[in-house]
Amino acid sequence: MTSARSSSIGLDIGGANLKVYSEHGWEILYFPFWKEWERLSEVLAEIKDKYGVNRAGAVITAELSDAFPSKAEALLYIEKTLKNIFDEVFFLDLNGELKRNMDNPLSYAASNWVASVKFLSADFDEFIFADMGSTTTDIIPFKGRILAGRTDYERLKRKELLYFGMLRTPVFYILSEFDGVSLSSEYFSITADVMQILGLIDSSAYTCETPDGRGNSIDECMQRLARSLCCDVEELGRENTVRLAEAVKERMVDKVASTFREKSEEHGISLVLGCGIGEALLKEAAEMARLEYMAISGIYGEASHLFPAFAMWKLVDGLVDEVMNEPVDEQ
């Protein structure tokens, strides 16, 4: 993290991570909103002081956590908290419009992917945007306009939201059996264990809590993964534990590739733009689907890891004014 001073920052306030992007630096803070929501004001105040800014653009997915009885209540709480900290705040609704107030709170729910697609649409006429993060995978077709559903529920139905990611997903959610043996449905192991065993992340990227509260060394990751088959590593064997990790990863790639093919055929789009910490899996899936793949990290570098926050910074800071089809709503 580089010391930064910028006129504005982009924020992506998620259920597990709070992502910050500015002109000179960025960071991803593990912030489990579902249990630390009361600290949001404190954390945002620290961010404001650290970056020396009074203006923020925010997209939000934390409303899906069960910290509040409804998504609307969570969104209004986050809106109020942001406005108490920053002098000027912009929100992006599901139609891609920047506004200073949440006129209809649910129109701002799960809007982070809209920022990414809106920004990319300035340079690409048609693409399938894919973002694999810690928890979920967004797959958004764009062809002159956004062709995806606008709510999490609609996108789940249309396979434009796959509810698995590189870190926090329980292994049994992805893979039901291995070598003819059903995996336990206990919360023994997560995809972060799998990815670390396979060398797709290192311990510094294992930012979430481990299922057993222990460390995140390779040996500890293998012990947790073996436990998903009710085994110790010594019982299952290290080779079979690695094979299990590979099977989990391959299942994730298969599911993404299937959706890529479906969306490509449905909309006649052949280019995938991939970002997030799961770029490597997205590339493999695009190749499996026989589609052209372009890594966003190849264009924007490390901003790929927190692309919605980066996109919001760019939009709000006025660096890509041509993307803005509508004037900012002053209401």
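Residues numbered from 1 in each chain as written. Predicted model: local features only at pLDDT ≥ 70, side-chain atom pairs only at ≥ 80, totals over all residues. Heavy atoms only, no water.

Across its full length, the protein carries 13 helices and 13 strands. Taking 331 residues into account, the globule formula puts the C-alpha radius of gyration at 20 Å, and the protein, at 20 Å, falls close to it. The principal-axis extents of the C-alpha atoms in the protein amount to approximately 65 × 45 × 40 Å. Residue burial in the protein is summarised as follows: out of 331 residues, 54% are buried. Across the protein, the fraction of contacts at a sequence separation of at least 24, relative to all contacts at a separation of at least 6, is 60%. Just so you have it, the protein exposes about 14100 Å², and 45% of that area is on carbon and sulfur atoms. (Helix = DSSP H or I, 4+ residues; strand = E, 2+ residues; numbered from the N terminus. Rg over C-alpha atoms; globule rule 2.2 N^0.38 Å. Buried < 20%, exposed > 50% of the residue type's maximum accessible area, 1.4 Å probe, protein only. Contact = heavy atoms within 4.5 Å. Areas by Shrake-Rupley, 256 points an atom, 1.4 Å probe, with all protein chains shown as cover.)

So, about the side chain of Lys 19. Examined against the element boundaries, Lys 19 turns out to sit in strand S2 (residues 17-21). No salt bridge forms around the buried Lys 19; measuring N to O, its nearest opposite-charge neighbour Asp 12 is 4.7 Å away. (Lys, Arg positive; Asp, Glu negative; His and termini not counted. Salt bridge = Lys/Arg side-chain N within 4 Å of Asp/Glu carboxyl O.)

Per the stated rule, a full pass over the model turns up zero disulfides. Of all cysteine sulfurs, the one in Cys 208 lies closest to Cys 275, which takes part in no disulfide; the gap is 19 Å. In this structure Cys 275 comes out as buried when scored by relative accessible area, which is 0%. (Disulfide = S-S within 2.5 Å.)

In this sheet, strand S3 (residues 26-30) lies alongside S2 in antiparallel orientation, the contact comprising five bridges. For Lys 19, the partnering residue across the bridge sits in S3 and is Ile 28. Hairpin connection of S2 to S3: four residues between the antiparallel strands. (Pairing = 2+ DSSP bridges.)

What follows is about unusual backbone geometry. The residue Asp 179 is not glycine, and still its phi comes out positive at about 55°. Relative to the assigned elements, Asp 179 resides in the loop between strand S10 (177-178) and strand S11 (181-182). Judged by its relative accessible area of 53%, Asp 179 falls in the exposed class.

Take helix H4 (residues 112-120) next. Of all nine residues making up H4, nine are buried, and the element is well covered by its neighbours. Of all the residues in H4, the buried ones are Asn 112, Trp 113, Val 114, Ala 115, Ser 116, Val 117, Lys 118, Phe 119 and Leu 120.

With that settled, the discussion passes to the packing of aromatic side chains. Using the criterion set out here, one finds 16 aromatic pairs in the structure. The ring of Tyr 173 is capped by Lys 255, whose NZ or CZ atom sits 5.8 Å from the centre of that ring. (Phe/Tyr/Trp six-rings, centres within 6.5 Å; stacked < 30°, edge-to-face > 60°. Lys NZ or Arg CZ within 6 Å of the ring centre and 35° of its normal.)

Mean pLDDT over the protein stands at 93; residues scoring 70 or higher make up 94%. Note on residues 1-6: pLDDT under 50 across the span, and 24 contacts to partners over four residues away in sequence or across chains. Every residue in residues 319-331 is under pLDDT 50, and counting partners more than four places away or in other chains gives 25 contacts. (pLDDT = per-residue confidence, 0-100.)

To continue, consider helix H13 (residues 307-316). Within H13, ten of the ten residues are buried, which leaves it mostly tucked inside the rest of the structure. Of all the residues in H13, the buried ones are Phe 307, Pro 308, Ala 309, Phe 310, Ala 311, Met 312, Trp 313, Lys 314, Leu 315 and Val 316.

Attention now goes to the pattern of salt bridges. Scanning the entire structure with this criterion turns up 25 salt bridges. Note that Arg 238 is salt-bridged to Asp 219, the shortest N-O span being 3.2 Å. One end of the pair, Arg 238, is in helix H10 (residues 238-267); the other, Asp 219, is in helix H8 (residues 218-227), and 19 residues separate them in sequence. A residue is classified by how much of its surface remains accessible, and Asp 219, at 48% relative accessible area, is partly exposed.

Attention shifts here to the sheet that holds strand S4 (residues 55-60). Overall, mixed pairing links the six strands, which are arranged S3-S2-S1-S4-S5-S6 in an open sheet. In this open sheet, the two edge strands, each paired with only one partner strand, are S3 and strand S6 (98-99). In terms of strand pairing, S4 meets strand S5 (residues 88-92) through four bridges, oriented parallel. Across the sheet, the residue bridging to Arg 55 is Glu 88, located in S5. This element, helix H2 (residues 40-51), spans strand S1 (9-13), S2 and S3 of the sheet and lies at about 20° to S2. Strands in contact with H4 are S1, S4 and S5; relative to S5, the strand with the most contacts, it is inclined by about 85°. (Axes fitted to C-alpha atoms, helices over the stretch in contact; angles between N-to-C directions.)

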